[in-house]
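# Structural overview
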Amino acid sequence: MTVWALSEAKSQGYKVDAEVLANMVQWTKDRFGPRLSDPPGPGVVSIPMVYLGMMSQNLAVLSRDEINWIARLQARRQAEDGAWESPPPKNGPPPTWESRETVALLSLLAWEPYVPADANEAAVARASRDKAEAWLSKTKSTDTTQALSLRLLLDAR
């Protein structure tokens, strides 16, 4: 969230120390990226990586290759029902982890523009997104501010 806040501030013309921001981005990638190279299969997503993917759609934080890496990771960790697992209650405080719905919405928003050049990868990505969208369409919204805001943002995009 610090990277996002500083990046947004910089994009709005506020003075942000470029070196501090670059160090924060690198620390976040180093801290949360390597832990995510787990085998395919359902798992808990990394919200810091999701946030980096989301903010990079409008801000120059991650490269296209790094955003694509996050998208592939999200697809690998997706459960059969189309959503993603939530962490254990002691590690899953609101608002980020308020429900599987918000995790699914955040995940879709993070990888939404991902379009692989390879036809097979593109088909896998499309199927994964379709599965998530199908899960969301049959899941009753929690009607929380976060869920409604994320659904609105996804619809707008």
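Residues numbered from 1 in each chain as written. Predicted model: local features only at pLDDT ≥ 70, side-chain atom pairs only at ≥ 80, totals over all residues. Heavy atoms only, no water.

Before going further, it helps to spend a moment on the pattern of salt bridges. Within the structure shown, the criterion is met by two salt bridges. A salt bridge links E101 to R151; its shortest N-O distance comes to 2.6 Å. Here the residue E101 occupies a position in helix α5 (residues 100-111), and R151 occupies one in helix α7 (residues 145-156), the gap between them amounting to 50 residues. You can call E101 buried: its relative accessible area is 2%. With a relative accessible area of 21%, R151 lands in the partly exposed category. (Salt bridge = Lys/Arg side-chain N within 4 Å of Asp/Glu carboxyl O. Helix = DSSP H or I, 4+ residues; strand = E, 2+ residues; numbered from the N terminus. Buried < 20%, exposed > 50% of the residue type's maximum accessible area, 1.4 Å probe, protein only.)

For the rest of this paragraph, the subject is the nonpolar core. A general trend in soluble globular proteins is that nonpolar side chains are found buried together. If you look at the biggest cluster of nonpolar residues, it comprises 35 residues, and the most contacted ones within it are V3, L52, M55, V61, W84 and L106. Among the elements of the structure, α2 (18-32), α3 (47-55), α4 (64-77), α5, α6 (119-138) and α7 are those that each provide at least two residues to this core. With eight residues, the single largest contributor to this core is α5. Excluding residues within four positions of it along the chain, L52 makes contact with V3, T28, K29, V61 and L62. (Core = buried A, V, L, I, M, F, W, Y, C linked by side-chain atoms within 4.5 Å. Contact = heavy atoms within 4.5 Å.)

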